[in-house]
Amino acid sequence: MAITDIDAQDDSRKLAASFDLSKLPPDFYADPYPYYRALRDHEPVKHMPDGSWFLTRYDDIVPVYRDFKRFSSDKKKEFGAKYGATPLFEHHTSSLVFTDPPRHTSVRRAIVGAISQRHIAAMEPGLVTLVDGLLAAMSEKREVDLIEDFAAAIPIGIIGNLLGVPHDERGPLRGWSLDILGALEPVLTAERATKGNRAVTDMLAYLKILVDERRAHLRDPDTDVLTRLIVGGDDGEPLAENQLLHQCIFLLNAGHETTTNLIGSALHALSGWPDQKAKLIAQTGNLEAMKTAVEEFLRYESSVQLGNRITTEDVEVGGFELPPDSRITIAIGAANRDPAQFADPDRLDIAREPNRHLAFAFGIHTCAGINLARMEARVALSRFLARFPDYAPTADPVRDQRARFRGFLHLPATVAA
């Protein structure tokens, strides 16, 4: 082995040895993948200074997702210590993501029934209209922000339509979402706690009015998601009032954050891979090619980078024995760049197949809105590239400084018809 290779290995070991999720360096937020690579190579089951465990290998993570009984998603213990008796605790411990069966099963049934394949297919014409309107507005401006003017506007429009939020009342939704989800970061600052608790309180107050109005004027449950959540499906009980309100927050936040990041990160990635950009532009009318490309964008820059579990009994993970109540952080972004699962993983390959990424998690907690997110990204990206094939970044993008969610706050660019 050459001297330079030995030096590189030493640096990699030091990077893995010093990694601490509670003390992340600034360059991690710009590019976490060198850190993930070092951890996979040297400490794939990393025992963190706070006693938790950090997993980076695909083959270690999938069994954790699969075994929901021994690796629980219930966050009451952890969030009780993190948030105390606050609105953030009430919301996040009610969320579909952080509950186990049987409660998870009943809530998921209500949500999945409300956004069935039939609902999603019926939304596509409206989505096309929304996207084309955004494209027309950007064509007039020429200098745009691909996040504010495009990526963030799409899921707000779609989820707003799903729940019947009036257009003139959607202004606060993105800010509420960012503040509530920002409180999930590994380190909860006083500022994040204050903003998150205020956002939950404000969102609950708004949704209470919206739900009360809908109860008084129910719509067709086959086409109106909020009505379906209120009355319940054919095979389940209606959600209790508090559950209903918190699941509306969950739908608004999860649907907004992941899709915004997916679309924005895809456009940014294509700018850095001109060969893949040209290849995709040549296939914008090819439905299957666009579907395959969306899966690669999901893998390459996973919108959600981290997940969590807690053990319920003695377990073995990657050769390590973990006792009950061990807190585990799942590095989705690391698993999706694991060379043991994906050839040349740091390369964007829009034709990559197979592509068994974990961007939507796995097992019973696979994202409930998976098909909606895929449709939004497919329609948005295909129509954007057909309209603006020569779009180009004009300034340094502004990344959201978060570890759990990966995306941009601003992505300045020029577009021309």
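Described below are features of the structure shown in this document. Here the residue index of a chain counts from 1 through its sequence in written order. Totals for whole chains, interfaces and linings use all residues, but because this is a predicted model, local features are given only for residues with pLDDT of at least 70 and pairs of side-chain atoms are given and counted only at 80 or more. Only heavy atoms go into the side-chain values, all of them from the structure, while hydrogens and water stay out.

## Here we look at the overall build of the protein
Okay, step 1: Helix and strand counts for the protein come out as 18 helices and 12 strands.
Okay, step 2: The reference for a compact globule is 2.2 Å times residues^0.38; the radius of gyration itself is calculated from the C-alpha atoms. The C-alpha radius of gyration of the protein comes to 21 Å, within 12% of the 22 Å expected for a compact globule of 417 residues.
Okay, step 3: Its C-alpha atoms put the protein at 70 × 55 × 40 Å along the principal axes.
Okay, step 4: Burial status across the protein gives 53% buried among its 417 residues.
Okay, step 5: As presented, the protein carries roughly 17600 Å² of accessible surface, and 54% of it is formed by carbon and sulfur atoms.
Okay, step 6: Of the side chains in the protein, 48 bear a positive and 59 a negative charge, and the two mean positions are spaced by 1 Å. Strands are runs of DSSP state E lasting at least two residues, helices are runs of H or I lasting at least four, and both sets are numbered from the N terminus onward. When a residue's accessible area, from a 1.4 Å probe over protein chains only, is under 20% of the maximum for its type it is buried; when over 50% it is exposed; and in between it is partly exposed. Note on areas: Shrake-Rupley, 1.4 Å probe, and residue coverage restricted to the protein chains presented here. Under this rule, positive means Lys or Arg and negative means Asp or Glu; His and the chain ends count for nothing. Taken as the charge centre is NZ of Lys, CZ of Arg, CG of Asp or CD of Glu, depending on the residue.

## A word on empty space enclosed by the protein
Okay, step 1: Using a 1 Å grid laid over the protein atoms alone, points where a 1.4 Å probe fits but cannot get out form a cavity; open sets with protein on both sides within 12 Å along at least 5 of 7 lines form a pocket; any residue with an atom within 4 Å of a point counts as lining. Grid points are joined across faces, edges and corners, and a volume is the space filled by probe spheres set on the points. For the structure on display, the rule yields three cavities of 30 Å³ or more.
Okay, step 2: In this model, the largest cavity occupies a volume close to 790 Å³.
Okay, step 3: The wall of the largest cavity is formed by 45 residues, among which Val-97, Phe-250, Ala-254, Thr-258 and Val-304 lie closest to the centre.
Okay, step 4: Elements that contribute at least two residues to the lining of the largest cavity include exactly α6 (87-92), α7 (103-114), α10 (153-163), α14 (241-272), β5 (306-311) and α18 (370-387).
Okay, step 5: Broken down by element, the lining of the largest cavity gets its largest block of residues, eight residues, from α14.
Okay, step 6: Its residues assigned to classes, the lining of the largest cavity comprises 26 nonpolar, 15 polar and four charged.
Okay, step 7: Space inside the second largest cavity adds up to approximately 60 Å³.
Okay, step 8: Around the second largest cavity, the lining residues are Arg-174, Leu-178, Glu-257, Thr-260, Asn-261, Asp-400, Arg-402, Phe-405, Arg-406, Gly-407, Phe-408 and Leu-409. When residue character is reported, Ala, Val, Leu, Ile, Met, Phe, Trp, Tyr, Cys and Pro are called nonpolar, Asp, Glu, Lys and Arg charged, and the others, Gly included, polar.

## Focus: helix α8 (residues 117-141)
Okay, step 1: Given the number of residues in a helix, its expected span is that number minus one, multiplied by 1.5 Å. When the terminal C-alpha atoms of α8 are compared, their 36 Å separation across 25 residues agrees well with the 36 Å that a helix rising 1.5 Å per residue should span.
Okay, step 2: Glu-124 marks where α8 bends most, by close to 35 degrees; the proline Pro-125 follows one to four residues later.
Okay, step 3: Within the span of α8, buried status applies to His-119, Ile-120, Met-123, Leu-127, Val-131, Leu-134, Leu-135, Met-138 and Ser-139.
Okay, step 4: Contact criterion: two residues are considered in contact whenever any of their non-hydrogen atoms come within 4.5 Å of each other. Looking at the packing, one finds that the buried side of α8 touches α7, β4 (143-145), α9 (147-151), α10, α13 (225-231) and α18.
Okay, step 5: Directly after α8, the chain includes Arg-142, whose backbone phi takes a positive value near 70 degrees. Fitting one axis to the seven residues ending at a residue and another to the seven starting there, the bend at that residue is the angle between the two axes.

## Overview of the state of the cysteines
Disulfide: a covalent bond formed between the sulfur atoms of two cysteine residues.
Okay, step 1: Note on disulfides: each one is a pair of cysteine sulfur atoms within 2.5 Å. Per the counting criterion, the structure on display carries zero disulfides.
Okay, step 2: Lacking any disulfide linkage, Cys-367 is separated from the closest cysteine sulfur, that of Cys-248, by 16 Å.

## Section: the packing of aromatic side chains
The geometry of two aromatic rings is summed up by the distance between their centres and the angle between their planes.
Okay, step 1: For Phe, Tyr and Trp, where Trp contributes only its six-membered ring, two rings pair if their centres lie within 6.5 Å, and the inter-plane angle classes them as stacked under 30 degrees, edge-to-face over 60, or tilted in between. Per the stated rule, a full pass over the model turns up 17 aromatic pairs.
Okay, step 2: For the ring pair Phe-19 and Tyr-35, a centre distance of 6.4 Å and an interplane angle of 50 degrees mean the geometry is tilted. Within this pair, whereas Phe-19 is found in the loop between α1 (3-18) and α2 (26-30), its partner Tyr-35 is found in helix α3 (residues 33-42), the two being separated by 16 residues in sequence. With respect to burial, Phe-19 and Tyr-35 carry one shared label: buried.
Okay, step 3: Ring pairing ties together the aromatic residues Phe-19, Phe-28, Tyr-29, Tyr-33, Tyr-35, Tyr-36 and Phe-54, which thus form one cluster.

## So, the pairing of strand β8 (residues 327-331)
Okay, step 1: Counting buried positions along β8 gives four out of five residues, so the element sits mostly inside the fold.
Okay, step 2: Pairing of strand β2 (residues 53-55) with β8, which is carried by three bridges, proceeds in the parallel orientation. When the bridges of β8 are listed, Trp-53 appears paired with Ile-328.
Okay, step 3: Of the strand pairs in this sheet, β5 and β8 are connected by five bridges, and their pairing is antiparallel. Directly across from Leu-306, in β8, lies its bridge partner Ala-331. Should DSSP find at least two bridges between two strands, the strands are taken to pair.

## So, the pattern of salt bridges
Okay, step 1: Only one rule defines a salt bridge in this text: a Lys or Arg side-chain nitrogen within 4 Å of an Asp or Glu carboxyl oxygen. Per the stated rule, a full pass over the model turns up 25 salt bridges.
Okay, step 2: Across the pair Lys-75 and Glu-78 runs a salt bridge whose closest N-O atoms are separated by 2.8 Å.
Okay, step 3: Judged by relative accessible area, which is 3%, Lys-75 ranks as buried.
Okay, step 4: Exposure remark for Glu-78: the relative accessible area of 23% places this residue in the partly exposed category.
Okay, step 5: When the shortest N-O distance is used, the salt bridge between Arg-337 and Asp-346 registers 2.8 Å.
Okay, step 6: A residue is classified by how much of its surface remains accessible, and Asp-346, at 29% relative accessible area, is partly exposed.
Okay, step 7: Through salt bridges with shared partners, a single network forms among Arg-37, Arg-337 and Asp-346.

## Let's talk about a negative patch on the surface
Okay, step 1: Among the surface-exposed residues, Glu-313, Asp-314, Glu-316 and Glu-321 lie close enough to one another that they form a single negatively charged patch.
Okay, step 2: Looking at the element boundaries, Asp-314 is found in the loop between β5 and β6 (315-317).
Okay, step 3: With relative accessibility at 54%, the residue Asp-314 sits in the exposed group. Patch definition: residues with relative accessible area over 30% and no salt bridge; like charges joined within 9 Å; nonpolar side chains (Val, Leu, Ile, Met, Phe, Trp, Tyr) joined within 5 Å.

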